[in-house]
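Structural characterization, general
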Amino acid sequence: MKEEGDVDIPQTLPSGPSAFIPVEEILEEGPAQEMMSEALLSDGRVDHVTMAMGLHSSYLACFLRTQHALLQLDGPLPLSWRYFIIILASARHQCSYLVQHHTAAFLFAGGDETWLRGLHCAPPKIQRLQTLNKLLAHRPWIITQEHIQELVCPGAEARWSLAELIQAVVLMSHTHSLVSFVSGCGILPEPAQSGDQVQPCSPTESCCSVRDEAKNQQEWSEAVNEVQLLMEKMRMVQHLGEEFTQEEMVTRFERARTESLLEPADVQHSVLPDCVSRFVVDADFTYQDFSPRGEQAPPTMRAQDYSWEDHGFSLMNRLYGEMAQLLDEKFQVVCALTYHTMAMHSDVDTSTLRKAIWNYIHCIYGIRYDDYNYGDVNQLLERSLKVYVKTVACHPEKTTPKMYFSFWRQFRHSEKVHVNLLVMEARLQAALLYALRAITRYMT
Amino acid sequence: MEKMTKVSTINGRTMFCHLDAPANAISVCRDATQVVVAGRNIFKIYGLEEDGFVERLNLRVGRKPSLNFSCADVMWHQMEENLLATAATNGAVVTWNLARPCRNKQEQLFTEHKRTVNKVCFHPTEVHMLLSGSQDGFMKCFDLRKKESVSTFSGQSESVRDVQFSMKDYFTFAASFENGNVQLWDIRRPDRYERMFTAHTGPVFCCDWHPEDRGWLATGGRDKMVKVWDMSTNRVKEIYCVQTIASVARVKWRPERRYHLATCSMMVDHNIYVWDVRRPFIPFATFEEHKDVTTGIVWRHQHDPYYLLSGSKDSTLYQHMFKDASRPVDRANPEGLCFGLFGDLAFAAKESLMTAPSSVGEVGRKTYPGGDRRYPIFFFKKPDVTEQFAQVSSALSVFESEAGSAVGMDWFIKTAQSYLLSGKPFGELCEHNAQVAKRLNRPQESTTWTMLRIMFSEPANPSMSANHNLNKSGNLPLVNSFGMKEMSAALNERNKENRQDNIHNLDSNHNNNDDNEETEGSEGQAEYLFGDAELDDDDLYSMEHENPAAEETEYLLPQEAFPIRHEIMDHPSAPEPLQEKPESPHVSGSEAESMCLTPMESFSLISVSQLLFSPHLPPKFFCPIVKEMLCYYAEQGDVQTAVSVLIVLGERIRKEIDELTQEHWYMSYIDLLQRFELWNVSNEVIKLSTCGAITCLNQASTTLHINCSNCKRPMSNKGWICDRCHQCASVCAVCHHVVKGLFVWCQGCSHGGHLEHVKDWLKQSDHCPAGCGHLCEYT
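For every chain, the first residue of the written sequence is number 1, and numbering continues from 1 onward in sequence order. Chain letters start at A and ligand numbers start at 1, both assigned in the order the entries are written. Side-chain atom pairs in this predicted model are given and counted only at pLDDT of 80 or more, local residue features only at pLDDT of at least 70, and totals for whole chains, interfaces and linings cover all residues. Side-chain measures were taken over the full set of non-hydrogen atoms in the model, leaving aside hydrogen atoms and water.

Examining the overall build of chain B
Looking only at helices and strands, chain B features 19 helices and 33 strands. With a 1.4 Å probe rolled over the protein chains alone, any residue whose accessible area is under 20% of its type maximum counts as buried; one over 50% counts as exposed, and the rest are partly exposed. Expressed as a percentage of the 779 residues in chain B, the buried residues total 51%. For chain B, restricting intrachain contacts to residue pairs at least 6 apart in sequence, the fraction spanning at least 24 positions comes to 53%. A total accessible area of about 37,400 Å² is found for chain B, and carbon and sulfur atoms account for 51% of it. A helix here means a DSSP run of H or I that spans at least four residues, while a strand means a run of E at least two residues long, and both kinds are numbered starting from the N terminus. Should any heavy atoms of two residues lie within 4.5 Å, those residues are considered in contact. For every accessible area listed, the method is Shrake-Rupley and the probe measures 1.4 Å; residues are considered covered only by the protein chains on display.

Here you go:
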């Protein structure tokens, strides 16, 4: 950890791509430069998301490729539709950044301006996506084959073909997870975006105070100790194969999942800006703890029974081949991404930590790995990190700078962005798995 | 337990039973009398009776079974009939001893793997040796007499999906990996693999050693392929490759059949296929009983090729009889025939069939030995089973058409180029096209045009001469040409009546005088010329064919027949570029711009005149028959005629044919034209079409992205001023003002300017107006 405490956060309205990360930090990294100039050449600009992701250039390459294929290359849906679906999906999570960003693209792709007046002005076919969008965003485990069936074979006119549907599904879940990234990293609106931009958060109020605290010498050494402790735990987890009864495992999974992490103060209802709310129907539908103990609750999804590598990929490959390859590559890259560093230490095997974050997100989305000991999650992820991760994954709109600054105080920003990448991709995979499973069931 | 029987045989039948839960894997004991089924929620042994499955034992005991019972794989020992091993999804490897006296048969539990164990495999000859492969990337070898693994093999890569001991080499085993690699290990050397090769792109889900052939290994992967590798040589060689339609989950060689193997897929496809690897394009046999993906397949006995057992996610366990399998080859067409674009003909058939005729040619009178030989095909009944299905290699012959032969499409090209679709009055267009068709030796089309002209031209515009049937000046056969002799009298009478109507119409419509006169002149002489019309029999025939309708409707003809200029009246709205803001960053192609201006003006004028008399137009009596004719042509594949007529008739017929059909015809015709690279014609057709979906075709990709000439960055906003360097990028080389409209530039030196200026300049000078010395040319 370099003298992070000395880096001053701009006190006025922050400039640069992120409200959380100092602009110097983002710009100093080298290897992404080339990628960015590529992005600049193709799109004419480098948006803030790209700049923040540039901290992890190997991932950025994959991400841009996928997004390009999803938005620009041949596909069953017309370009303007793709953007409109993205707008709908980002509105679901109240992300005005993405809504505005893609509204422009929508118009540029020849989209019909009247659609932007709200969801009710869009063609009925798009309106029918509403339910799926809602479920994908908040509770993907509820998606069943009936939802698919409703879209794919109604007697009515506006029917979706499987190929179109799968692209729409990828678009929506891609966007939902991107919203997580945008909120998790505090991405600021593009300079060109003006108008009724709401701040994703009010960055000035808390971040400085948190930082000031971090300067406090005592806290600093505490933080250093925390890192050491964490590394100790990782080593322990890695080498100690504990024996557990099954009950114990299940309990741990349940505990990890249902742990109530949201402080009541966070649950304030903000009034949605109009530019976003007009695309949202049933705005009160949000993430709810997945509770299989309830009566009509759906069963836990076993990763061994429906995994991306075996099942998800095969189905996607059939319906939308290029995208399956790209997503597969992206998942592989993000799972393998490591620099063997942790805060001020290098040559660390971070695989257990990464695995814990990944599985924790799948866990809160109700996906369970038989072969994973969920006790590790509690061992490795401190409470503030869990609060952050769960908020970013499930309620991205409620992320606050406080959350961002309060976990892993000694870690680099790039490492926190790394966490965001894991959250984003794990979330994407979870949503895709549920949707694809429903499609599989529909097809069989 | 339910039973179902299809066909009874001496020692078994196709049968199934319901399981309580989806199966993940099955395995059979050595004497083929029992089968074990394992899954997340099931672990049972079934006895294979002659007429059904009988549940023998439930190994899943305890009130709350632990995850150790959640099996990903199961294997029954092939030497020791009481010994089983399972791979649990939580990473445990469990062995079971059926000889244990208590209910819980679990014998040993190894929890050395950290992740799900994907596969367990007993050594084929060594009783106590067990191998496992896990998601954590390790393979472990267990000696069942010890509590721990004896050796660990690290694949140094991702998850292990399958491990298989070689049937013949005591020490060798193969492991397949999620990253597409296959490794060969020596059981005595845990430090390093013997060899490694990349077998598939994406995970290799399964592998299987050939039961007889030492060197053959079959692998199946997510890339939907089954590959057979020859491992006996120094370099691993792919010898066969079968392409399936879904990821391959399991592959098993068929006993006693050297080239056969069975596969099932991971997703979507529920069937089990048995392939002959030498014939990779069509399965030898398929079993289609399962309703969900098949998860485990196993041949019932290691020396019996006729019984296949399978378990599935649909919670059923099946025994398939080979004789009940469906044989896709029976349904497949053994010969293939296909025409190429330019009239070439490709013909594929069994080789013996192809060579036979040629030998006839050579030897002269060699006959087929018997009728049987001429039946292509697969000798299912033949006793020599090893040759079953194998012999079918086909030969492909391609017969090229001679250039310019009748098979070619020259007529199409010529017709497309010579047909006139617009720009002249309707009658002339028809006449011209009729001539074109006749020249190209297509009498039927020629007659069609003539008929159309007759039907839709304004007939007896009140020319007196029409009634007298004598006209000196004209030379075009019209109404009367199909009147034939017996009709002429009646015709005269009718024409008198018609005349009055026509006069009315004429009064109300001065706009069309020119046209009327034109046709007037050409009108009456028809019968006179009829004898000279050189119509051959075909023509006459086809004309007679249409006569009845023509006769019935005739006396109303005149009313509909005012010469409507064939130009389409309500041309679809202006092309898109117009709607763009004037500051559009695109430099639109000149074509697009000119189009959006001219049609607007000229058409609006015409449509006024159209409005004037459309209320007077009577119902179109010919339309049904013309419509029928157009459909007939389209059905025949001559969409050219259909579309050409459609365009020439324009308003007269358009409403009769539904939009989609029209659009379909247009698309087909345009597609054909573009294949023959007749770009101009195709553009003309697009332009003249009245379907919205078609007219927008030539509005696509008319955007040209440009870079600023100063800073070389893309110009994003306006076409003439660069956002970044605030320089006017496109300055006319002649007048040195900014070009805001059409910008024309030389592709050689890239200087240019206002279209008009450059045009004028280059009339006077050969050199570039910018003074760069380039010899520009304006064409």
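Let's pick the thread back up.
Things to note about the overall build of chain A
A count of helices and strands for chain A gives 21 helices and four strands. Split into buried and exposed, the 444 residues of chain A put 58% on the buried side. Long-range pairs, those at least 24 residues apart, make up 78% of the contacts in chain A with a sequence separation of at least 6. Of the roughly 17,700 Å² of accessible surface on chain A, 52% is carried by carbon and sulfur atoms.

What about the pattern of salt bridges?
All names here are of chain B. Any carboxyl oxygen of Asp or Glu within 4 Å of a side-chain nitrogen of Lys or Arg constitutes a salt bridge here. As enumerated under the stated definition, the model contains 27 salt bridges over all chains in all. One salt bridge in this structure joins Asp143 and Arg145, with 3.0 Å as the shortest N-O distance. Residue classification places Asp143 among the buried residues on the basis of a relative accessible area of 14%. Measuring nitrogen to oxygen at the nearest pair gives 2.5 Å for the salt bridge that ties Glu178 to Arg161. You can see Glu178 sitting in the loop between β15 (172-177) and β16 (181-186) and its partner Arg161 sitting in strand β14 (residues 160-165), a full 17 residues away along the chain.

Examining the sheet that holds strand β7 (residues 83-88) of chain B
Residue and element names in this part refer to chain B. If DSSP finds at least two bridges between two strands, the strands pair. With respect to topology, four strands assemble into an open sheet ordered β6-β7-β8-β9, the strand pairing being antiparallel. Every other strand in the sheet has two partners, leaving β6 (71-76) and β9 (106-110) as the edge strands with one partner each. Across the sheet, the axes of successive neighbouring strands diverge by a mean angle of 20°, strand direction being ignored. Where strand β8 (residues 93-97) lies against β9, four bridges are found, and the strand directions are antiparallel. Interaxial angles span 0 to 180 degrees and are taken between N-to-C directions of axes, which are lines fitted to C-alpha atoms, for helices over the stretch in contact.

Focus on the nonpolar core
For this analysis, a nonpolar core means a set of buried residues of the types Ala, Val, Leu, Ile, Met, Phe, Trp, Tyr and Cys, connected via side-chain atoms within 4.5 Å. Counting 138 residues, the largest nonpolar core has Met53, Phe84, Leu165 and Phe181 of chain A as the members making the most contacts within it. When residues in this core are grouped by element, the largest group, 17 residues, is from helix α21 (residues 413-443) of chain A. Counting 46 residues, the second largest nonpolar core, distinct from the first, contains Leu429, Val436, Ile647 and Tyr666 of chain B.

Some remarks on the packing of helix α10 (residues 162-184) of chain A against α21 of chain A
When two helices pack together, their arrangement is given by the angle between their axes and by how far apart the axes lie. Residue and element names in this part refer to chain A. The N-to-C vectors of α10 and α21 enclose an angle of 155°; their axes lie 9 Å apart at closest approach. Here α10 is positioned roughly antiparallel relative to α21, judged by the angle of their axes. Regarding α10 and α21, the two cross each other, and that crossing is right-handed. Think of it as three bins: nonpolar holds Ala, Val, Leu, Ile, Met, Phe, Trp, Tyr, Cys and Pro, charged holds Asp, Glu, Lys and Arg, and polar takes everything else, Gly as well. Residue composition of the contact of α10 with α21, grouped by class: 17 nonpolar, seven polar and one charged. Angles below 35 degrees are treated as roughly parallel, those above 145 as roughly antiparallel, those between 65 and 115 as roughly perpendicular, and all remaining angles as oblique. Handedness of a crossing follows from how the near helix is turned relative to the far one, being left-handed for an anticlockwise turn of less than a right angle and right-handed for a clockwise one.

Brief notes about empty space enclosed by the protein
All names here are of chain A. Here the term cavity refers to a set of points on a 1 Å grid, laid over the protein atoms alone, in which a 1.4 Å probe fits but cannot get out; the term pocket refers to an open set having protein on both sides within 12 Å along at least five of seven lines, with lining residues being those that place an atom within 4 Å of a point. Grid points are joined across faces, edges and corners, and a volume is the space filled by probe spheres set on the points. Here the structure, examined in full by the defined rule, presents 10 cavities of 30 Å³ or more. Reported here for the largest cavity is a volume of approximately 180 Å³. Surrounding the largest cavity, 17 residues form its lining, Thr341, Thr350, Trp408, Glu415 and His418 being those nearest its centre. Within the residue set of the lining of the largest cavity, elements represented by two or more residues are β2 (341-342), α17 (351-364) and α21. A total of five residues in the lining of the largest cavity trace back to one element, the largest contributor, which is α21. Class assignment for the residues of the lining of the largest cavity results in eight nonpolar, seven polar and two charged.

Some words on the interface of chain B and chain A
Where the parts come together, the accessible area they lose is often given as the size of the interface. Every contact between the two is made by 28 residues of chain B and, on the other side, 25 residues of chain A. Carbon and sulfur atoms supply 49% of the area that chain B and chain A bury against each other, a total of about 2,400 Å² over both sides. Put simply, buried area is the surface a 1.4 Å probe can reach on two separate parts but cannot reach once they are joined, added for both. Together, Arg40, Arg222 and Met267 of chain B form the three largest contributors to the area buried by chain B at its contact with chain A, with a combined 27%. Where chain B meets chain A, there are five salt bridges. Here Arg222 of chain B ties to Asp328 of chain A by a salt bridge, and the two come within 2.7 Å at their closest N and O atoms. Throughout this description, a polar contact denotes any pair of N or O atoms lying within 3.5 Å of each other; where both atoms belong to protein, one of them has to be capable of donating a hydrogen while the other can accept it, and for residues adjacent in sequence the pair is counted only when both atoms sit in side chains. Counting across the interface, chain B meets chain A through 10 residue pairs in polar contact (both at pLDDT 80 or more). A class-by-class count of the residues in the side of chain B that touches chain A yields eight nonpolar, nine polar and 11 charged.

Here we look at the environment of Ile245 of chain B
Note on placement: Ile245 of chain B falls in the loop between β21 (237-243) and β22 (248-253). Each C-alpha atom of the pair Ile245 of chain B and Val268 of chain B lies 9.3 Å from the other, and the pair is 23 residues apart in sequence. Once you skip the residues sitting within four places of it in the chain, Ile245 of chain B turns out to touch Arg318 of chain A together with Lys224, Asp269 and Tyr273 of chain B.

Regarding the sheet that holds strand β18 (residues 204-209) of chain B
Residues and elements named next belong to chain B. Spatial strand order, β18-β19-β20-β21: four strands in an open sheet with antiparallel pairing. With partners counted over all chains shown, the strands left at the sheet margins are β18 and β21, one partner each. For this sheet, the mean inter-axis angle between neighbouring strands, taken without regard to orientation, is 20°.

Thoughts on the pairing of strand β3 (residues 34-38) of chain B
All names here are of chain B. Within β3, four of the five residues are buried, which leaves the element mostly enclosed by the surrounding structure. Bridge analysis of strand β2 (residues 25-28) against β3 gives four bridges, and the strand direction is antiparallel. Bridge pairing links Val28 to Val35 in β3. Where β2 folds back on β3, the antiparallel hairpin that results is connected by five residues, among which Ala32 adopts a positive phi of roughly 65°. As paired strands, β3 and strand β4 (residues 43-49) are joined by five bridges and run antiparallel to one another. By the bridge assignment, Val35 is partnered in β4 with Tyr46.

Overview of unusual backbone geometry
Not every positive phi belongs to a glycine, and Gln94 of chain A is a case in point at roughly 55°. In this model, Ser315 of chain B sits at a positive phi of 65°, which is unusual for a non-glycine residue. Its location among the elements puts Ser315 of chain B in the loop between β27 (304-312) and β28 (316-321).

What about the packing of aromatic side chains?
To pair, rings of Phe, Tyr and Trp, with the six-membered ring standing in for Trp, must have centres within 6.5 Å; the planes then decide the type, stacked if under 30 degrees apart, edge-to-face if over 60, and tilted in the middle. Applying the stated criterion to the full structure yields 37 aromatic pairs over all chains. Seen from their ring centres, Phe16 of chain B and Tyr318 of chain B are 4.9 Å apart, and the 20° between their planes marks the pair as stacked. Here Phe16 of chain B, found in strand β1 (residues 15-18), pairs with Tyr318 of chain B, found in strand β28; they are 302 residues apart in sequence, far enough to count as distant. Residue classification places Tyr318 of chain B among the buried residues on the basis of a relative accessible area of 8%. Their ring planes at 85° and their centres at 6.2 Å tell us that Tyr240 of chain B and Tyr259 of chain B sit as a pair that is edge-to-face. Here Tyr240 of chain B is found in strand β21, whereas its partner Tyr259 of chain B is found in the loop between β22 and β23 (260-265), with 19 residues between them in sequence. Three or more aromatic residues link up through ring pairs in this structure, and these residues are Trp81, Phe84, Phe106, Trp115 and Trp160 of chain A.

Description of helix α4 (residues 410-418) of chain B
For α4 of chain B, every residue scored as buried is listed here: Phe412, Thr415 and Ala416 of chain B. Seen along its axis, α4 of chain B keeps its buried residues to an arc of 100°; they face one direction. It is the directions from the helix axis to the C-beta atoms whose arc is reported.

Examining the packing of helix α15 (residues 308-319) of chain A against helix α16 (residues 321-336) of chain A
All names here are of chain A. Orientation of α15 relative to α16, taken along the N-to-C sense of each, is 150°, at an axis distance of 6 Å. Relative to α16, α15 is oriented roughly antiparallel. Contacts from Trp308, Phe313, Met316, Asn317 and Leu319 in α15 reach Gly321, Ala324, Gln325, Leu327, Asp328 and Phe331 in α16. Its residues assigned to classes, the contact of α15 with α16 comprises seven nonpolar, three polar and one charged.

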